[in-house]
2 protein chains.
Amino acid sequence: MTMNTLDALFKPESIAVIGASSSPAKIGGLPIASLKEHGYEGQIYPVNSKSEEIQGLKAYKSIRDIKGSIDLAIIAAPGKYILEVVDDVIAAKVKGVVVFSSGFSEIGEEGARVQEKFVARLEEAGIKVLGPNCLGFMNLQNKVFSTFTPVIRQGITKPGRIGVVSQSGAYGAYVFALARERDMGLSYWVATGNEGGVDFSECVEWLANDPDTDVILGYMEGCKDGRKLERALEAARKAGKPVIVTKVGKTELGAQAVASHTAALAGEDAIFDAVFRKHGAYRAHSIEEFFDVAYAFSVAGLPQSNRTGIFTVSGGAGVLMADAADEYGLALPELPKPEQEKILELVPFSAPRNPVDITGQITNDLALMSKTMKLMLDSGQYDSLICFLAAGGMGPLAKGMVDQIIEVKQEFKNYPLTVVTVCSAETRSILEQHGCLVFEDPTRAIRALAALAQLANLSGDCSTSIDSELESPMDVFKLESKIYTEPEAFSLLARAGVPTSKAILAKSADEAVKAFNSLEGVTCVAKVVSPDILHKSDIGGVKLNLANQEEVRQAFNEILSSVSSNQPDADIHGVMLAPMESGELECIIGVNRDLVFGPVVMLGVGGIFVEVLKDVSFRTAPVTFVDAKKMIFELRAAALFDGVRGRPTVDVDALAKTIVRVSNFSISAGETLDSLDINPLLVKEKGKGVVAIDALMIGR
Amino acid sequence: MTMNTLDALFKPESIAVIGASSSPAKIGGLPIASLKEHGYEGQIYPVNSKSEEIQGLKAYKSIRDIKGSIDLAIIAAPGKYILEVVDDVIAAKVKGVVVFSSGFSEIGEEGARVQEKFVARLEEAGIKVLGPNCLGFMNLQNKVFSTFTPVIRQGITKPGRIGVVSQSGAYGAYVFALARERDMGLSYWVATGNEGGVDFSECVEWLANDPDTDVILGYMEGCKDGRKLERALEAARKAGKPVIVTKVGKTELGAQAVASHTAALAGEDAIFDAVFRKHGAYRAHSIEEFFDVAYAFSVAGLPQSNRTGIFTVSGGAGVLMADAADEYGLALPELPKPEQEKILELVPFSAPRNPVDITGQITNDLALMSKTMKLMLDSGQYDSLICFLAAGGMGPLAKGMVDQIIEVKQEFKNYPLTVVTVCSAETRSILEQHGCLVFEDPTRAIRALAALAQLANLSGDCSTSIDSELESPMDVFKLESKIYTEPEAFSLLARAGVPTSKAILAKSADEAVKAFNSLEGVTCVAKVVSPDILHKSDIGGVKLNLANQEEVRQAFNEILSSVSSNQPDADIHGVMLAPMESGELECIIGVNRDLVFGPVVMLGVGGIFVEVLKDVSFRTAPVTFVDAKKMIFELRAAALFDGVRGRPTVDVDALAKTIVRVSNFSISAGETLDSLDINPLLVKEKGKGVVAIDALMIGR
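These figures come from a predicted structure and were not determined experimentally. (Residues numbered from 1 in each chain as written. Chains lettered and ligands numbered in written order. Predicted model: local features only at pLDDT ≥ 70, side-chain atom pairs only at ≥ 80, totals over all residues. Heavy atoms only, no water.)

1. Some points on the sheet that holds strand S24 (residues 574-579) of chain A
Sheet strands line up and pair through hydrogen bonds in the backbone, either parallel or antiparallel. Residues and elements named next belong to chain A. Heads up, the condition is: In this scheme, strands are said to pair when DSSP sees at least two bridges between them. Numbering of helices and strands runs from the N terminus; a helix is a DSSP stretch of H or I covering at least four residues, while a strand is a stretch of E covering at least two. Fitting a line to C-alpha atoms yields each axis, with helices limited to the stretch in contact; the angle taken between N-to-C directions then spans 0 to 180 degrees. Should any heavy atoms of two residues lie within 4.5 Å, those residues are counted as being in contact.
In space, the four strands of this open sheet follow the order S21-S24-S22-S23, with antiparallel pairing throughout. A strand with exactly one partner marks an edge of an open sheet, and here the two such strands are strand S21 (504-506) and strand S23 (542-546). Between one strand axis and the next, the sheet turns by 25° as a mean value, whatever way the strands run. Taken strand by strand, helix H20 (residues 549-566) contacts S21, strand S22 (524-529), S23 and S24, and its axis lies near 170° from that of S23.

2. Description of the packing of aromatic side chains
Residue and element names in this part refer to chain A. The condition is simple: Within 6.5 Å between ring centres, the rings of Phe, Tyr and Trp (the latter by its six-membered ring) count as paired, and their orientation is classed by plane angle as stacked under 30 degrees, edge-to-face over 60, tilted in between. Residue exposure (1.4 Å probe, protein chains only): buried if accessible area is under 20% of the type maximum, exposed if over 50%, otherwise partly exposed.
Within the structure shown, the criterion is met by 32 aromatic pairs over all chains. With a centroid separation of 6.1 Å and 50° between ring planes, the pair formed by Phe10 and Tyr188 is classed as tilted. With Phe10 in helix H1 (residues 7-10) and Tyr188 in strand S11 (residues 186-191), the pair connects residues that are 178 residues apart, well separated along the chain. For the pair shown, Phe10 and Tyr188 are each scored as buried.

3. Examining the nonpolar core
Test applied: Among buried residues, the Ala, Val, Leu, Ile, Met, Phe, Trp, Tyr and Cys ones that are joined through side-chain atoms within 4.5 Å form a nonpolar core.
In terms of nonpolar packing, the biggest core is built from 239 residues, with Phe311, Met369 and Ile405 of chain A together with Phe10, Phe311, Met369 and Ile405 of chain B touching the most fellow members. Among all residues touching Met369 of chain A, those that are not within four sequence positions of it are Phe311, Ile362, Cys387, Leu389, Met401, Gln404 and Ile405 of chain A. Counting residues in hydrophobic clusters, the runner-up holds 106 residues, among them Tyr484, Ile659 and Leu673 of chain A together with Phe490 of chain B.

4. Here's the deal with the relation of the copies chain B and chain A
Put simply, the rule reads: The copies were overlaid by least squares, fitting only the C-alpha atoms of residues that reach a pLDDT of 70 or more in each copy.
At an RMSD of 0.1 Å, chain B and chain A line up after a rotation of 180° and a shift of 0.1 Å along the axis. Both chain copies can therefore be described as sitting about a two-fold axis. Of the residues that chain B buries at the interface, 100% are likewise interface residues in chain A, meaning the two copies contact each other through the same surface.

5. Some thoughts on the sheet that holds strand S9 (residues 144-147) of chain A
Residues and elements named next belong to chain A. In spatial order, the strands read S9-S8-S11-S10-S12-S13-S14; together these seven strands make up an open sheet with mixed pairing. Two strands bound the open sheet, and with one partner strand each, they are S9 and strand S14 (282-283). Of the strand pairs in this sheet, strand S12 (residues 215-220) and strand S13 (residues 243-247) are connected by five bridges, and their pairing is parallel. By the bridge assignment, Ile216 is partnered in S13 with Val243.

6. Points about the interface of chain B and chain A
Under the convention used in this document: Two parts placed together each lose some accessible area; with a 1.4 Å probe, that loss summed over both constitutes the buried area. Salt bridges are defined by distance alone: a side-chain nitrogen of Lys or Arg within 4 Å of a carboxyl oxygen of Asp or Glu. We call Asp, Glu, Lys and Arg charged. Ala, Val, Leu, Ile, Met, Phe, Trp, Tyr, Cys and Pro are nonpolar, and the rest, Gly among them, are polar.
The interface of chain B with chain A comprises 62 residues on the first partner and 62 residues on the second. Buried area between chain B and chain A, summed over both chains or domains, comes out near 4600 Å², and the portion from carbon and sulfur atoms is 65%. Inspection of the region where chain B meets chain A yields four salt bridges. In this structure, Glu440 of chain B engages Arg182 of chain A in a salt bridge whose closest nitrogen and oxygen atoms are separated by 3.8 Å. Every element with two or more residues in the side of chain B that touches chain A is listed here: helix H5 (169-181), helix H10 (287-300), helix H11 (315-328), strand S17 (384-390), strand S18 (417-421), helix H16 (442-459) and helix H21 (608-611) of chain B. For the side of chain B that touches chain A, a count of residues per class yields 31 nonpolar, 13 polar and 18 charged.

7. Quick word on the packing of helix H7 (residues 226-238) of chain A against helix H9 (residues 268-278) of chain A
Residue and element names in this part refer to chain A. Heads up, the rule is: Any angle that is under 35 degrees is reported as roughly parallel, and any over 145 degrees as roughly antiparallel; angles of 65 to 115 degrees are reported as roughly perpendicular and all others as oblique. What makes a crossing left-handed is the near helix being turned counterclockwise from the far one by less than a right angle; a clockwise turn instead makes it right-handed.
Remark: H7 packs on H9, axes separated minimally by 9 Å, with the N-to-C direction vectors making an angle of 30°. For the element pair H7 / H9, the angle class is roughly parallel. The interaxial crossing formed by H7 with H9 has right-handed handedness. Contact residues: H7 offers Leu229, Glu230, Leu233 and Arg237, while H9 offers Phe272, Val275, Phe276 and Lys278. Here the contact of H7 with H9 is built from residues that sort into five nonpolar, no polar and three charged.

8. A few points about the confidence of the model for chain A
Residue and element names in this part refer to chain A. The condition that has to hold: As a per-residue measure, pLDDT tells how confident the predictor is, with possible values from 0 to 100.
Averaged over all residues, the pLDDT of chain A equals 90, while 94% of them reach at least 70. Contacts from residues 251-260, a stretch scored under 50 in pLDDT, to residues over four places away or in other chains number 14 contacts. Per the prediction output, this complex has pTM 0.86; the corresponding ipTM is 0.84.

9. Side note on the UniProt feature "domain: CoA-binding" (unreviewed entry) in chain A
This is how it is decided: UniProt positions are given in the numbering used here, feature names are shortened, and annotations may be inferred rather than shown by experiment.
The UniProt feature table records "domain: CoA-binding" (unreviewed entry) at residues 9-104 of chain A. Secondary structure content for residues 9-104 of chain A is 21% helix and 23% strand, while the C-alpha to C-alpha distance between its ends is 21 Å.

10. Considerations on the pattern of salt bridges
Counted by the stated rule, this structure contains 86 salt bridges over all chains. Across the salt bridge formed by Lys278 of chain A and Glu230 of chain A, the nearest N and O atoms sit 3.8 Å from each other. Here Lys278 of chain A, found in helix H9, pairs with Glu230 of chain A, found in helix H7; they are 48 residues apart in sequence, far enough to count as distant. The burial state of Lys278 of chain A is the same as that of Glu230 of chain A; both residues are buried. Taking the shortest distance from any N to any O, the salt bridge between Glu411 of chain B and Lys374 of chain B comes out at 3.2 Å. One end of the pair, Glu411 of chain B, is in helix H14 (residues 398-411); the other, Lys374 of chain B, is in helix H13 (residues 367-378), with 37 residues separating them in the sequence.

And the structure:
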């Protein structure tokens, strides 16, 4: 039952404030003032060694002096007293503490050591710790203001169903202020500070199970435990609660000199992106987007699909919105012909396809609005509707227009309906009460609706492997700490179910000829086998197109002589013979072990796409078949898989299965796998499979 | 003197309203009511056959009855009377007319004919015509409300220095309403309607020369005369007035079956993009961006460069803004070390690089703000500053913070200073009066500042060719209406200064051998020459790597026999011999004749980049050397030109010169050139030039 562990922290029935102050401007005074001002119903116990009374409440010299039970202790005392205070709160049997005090890991190693020590002591006593160096939290429903952010001195926002978790205090405060200005209701607001105890992921997971929260807004700067984050996001997805997250700090890929493509390309930002995609979180790239999506979800819920109808009184705005829909991924199916004809009967000069431009004609007959919008929704083509009224929301016809919209919305309750107009706060509020979204900017309206459609799509996508073969128990792999030679890597990959080139190691020219014969005389490639040589071609270590025994023998000898003169110290295991393979497309599948997220699987199309365009997609392992297919179609080069300009369609299913198998292999090998590059993996025509023709595997 | 031609229209000293009405709700009544209400100082003459008096003014039966001189006639009469009304206004010697009336080109061909007729009649009489079917215009300075948009019934915006031109009435009205809500001052507002007379470009050009306008907001749906648009944008650039334009209607490239890459890729939207880039107009993709950029320019002017300093009280917001700066193209140079040390002396736990995160410490000492910001600007590293105050703009310290900011701004007047915070309308207004920008959303602030930097950069970039050789007079080309064979195309291109492969046409095997010998025995390629064969390789019309006379002879014979059996009706001119060429990069340079803009030059990198990624850049001809270089670096594949993963840097200058020469050729050939594809143009290592090895030229 992890779900309730933070209850005592976030829903306290009694609160002690250590370092309590009489001044609401002080960090030990503001929580008391706010709890009182906003009507917190539990007990408040100020603790201050020098006062009898604080803000009209009896004050205690020590928390140990308090008779009643205490759920939460707020520690606002200077950091240097922390160890004594910790002894006191343990003695007082509190269930949770929030530590405002600073001077810990944020100032360096010495502070970090003290932090580790006091948090460990509290956790051993079964006490949950938020902070230190944090702005605290608010529970708007129960009026718990366990925070010293000055932003609440200008007023609080109403209770609502949006939970906010921020790793930055100042940023969190800003989000709170904006929520208040936009009149958006919050359930909880948490700033996690140094995360000595409770972290971002734990808060998200708790909110995923909190009955008062419908949607979670997260602000992240970093993450120490990737699996915990993934578990939290998955909990929210299973609970059907959208997570809208802003993660800052995109790292530059730079020109790192590393042996593996995957390691070079697996920048932190790309991996976070992959994690959010995998678990259906929506990544917002600005505060505005963050709020717009949360607002849209809170007011309108999720549509069934991304199929949208646009009703407009301006052709120009219609085209602008159609352009934006294309950019953000909303589909605008055309209205069926019979409905188009009915609309043309109503307004002969309308444009009835979609966008449906009914023209300024509505100013003569407002009922055209509801007639047209109902026709659109009745057609069954759309799961949501956007209605552009230009400046109509403020004019003399505003009231009539609002009535028309509400009439439509009441008949089509489960269809998000977005109104784009300028209007008064009152008009906006009426529309919102009826479940309609209101935006001033058409592009923002489209972006928000597209985000809802994306969230709807992601939340419905918890399916795992569709291929039982992929779920069968697999070998346990335990790698050695070394660079594997190609035949060794091939053999491990083959055991993991990855189709590889048939490679035979030859230690002499005679063995090479024998190997050639055993491959039944197909044209072969010969490559030197050595853990010391990563770039075989550069030093004459590869010979292609060997068609007969004589060529094989000669290739063997030339390779050995070229390699030994170029790299005399290399440990040569021999020469590998393998059939020349051909395919339609060269892909790269790689695995890199990320410090935070563990094995991360990468897919790219070989050559320029990876090297110049950095066109790759990622998923943390395990990767399901469905996710593997998404990885393929996330690539900018995706068109190549469908066949383009006369090329055949390639075997996408076989490629996706191979991604899953590589992912399974990486899970099984666990910490013993450092990195793996299959480069290239040849993908053949549809139905003809894939084959790995080169592999670099490094154990650790 | 084109600049003053619209004065009488837009700055009338007397106005007649034909079809005047007593009701301000009617299209013939609203202008009169608005002119009176807002204090228009000129004469107003209502014209109405049935009334003696309208809205307290003497009314006239006909415009012919008016004694005084009339600058502007507003025609609000039903469209069916237009020809009579036109006779009257000509007789009354008006200087301009605005035609509200509808029923013309917007309803079909018959309407278009009438429109053409009446506009021609007015123009012959020297009268400027705005409309028909237009919402009219406003001149806010002189209080001319020659419009019937109901949006002005909810109030007007203040006079200011932003000119608005919209091809859509409803969209224009929406922009007006939003400007009013944001309290942004306008100089002129024009809705051009059917553009029977005055069009979008003419309005932009007039505003470019209007002393009351500093910045032009344009909304476009289409354009009939591309050169006129380019001239207008160039006039604005020369006048130093930013043009911020929204152009809707991105066309799908689709899978058109056309012979030329350039024609297939030169979608309308890409060409408009190229035109805006060429002339320094800023293309906004949403109304919000449209306004943000106009607002930023009006309040802050242009920075000297894109080098920006970020001052923040939240590390998180700092990183978010740094990410956005990277995305939108602002540079964030690091603060020099000595200044960093001074900042660390002020606040030991600050992050002093850039963003400079001074932490919540400012709440203890507001003067840290001005000290830090001045240190940053004094360092000489920055031409603008962004200051993130989180929710500080509303708190008890708001007044003190504003004083700090104003102090900095007064010392650094020419440096745009953007404040990101939530604050009251009053605080915002104080900051703006001092020339500071205020945004709530950090990302929007960055985007707007990046737009200013881009406008500053573009406005300084009127330079033309830097290479006198490129400006020398060139041959006059006049093409025939036919598909040119490759040797013919090569010969024309060579005359135009484009390096081409040495191609020799051979009509017999003996001639082929002779040609081979004259090429001094270098390895050659042989290609069939026929205007009827576009895809030579597909039917055995190309033989590569011919190294001796025998191979040449055999190739000649094989080509002829293969081609004549595959395409027996083709007109075969012979076989072309040319040296095998090699280069580092295969490019495509194309020209397509656009109906609106004339010759458009395209650049792409051959193969997958063009075919799969549609990675191409465009410019309308003439293309300067500077613009040609921009075309190269606009490509997503730009990294290829700089050498990537061990490849050499290629001859970018030679490529840019070739683009200019192709552009000059297309100008000289003018309407006789239908299209040209040089595919590929081999680009060699730096200093070694380029060479065209295949060309398809079509005359018309």
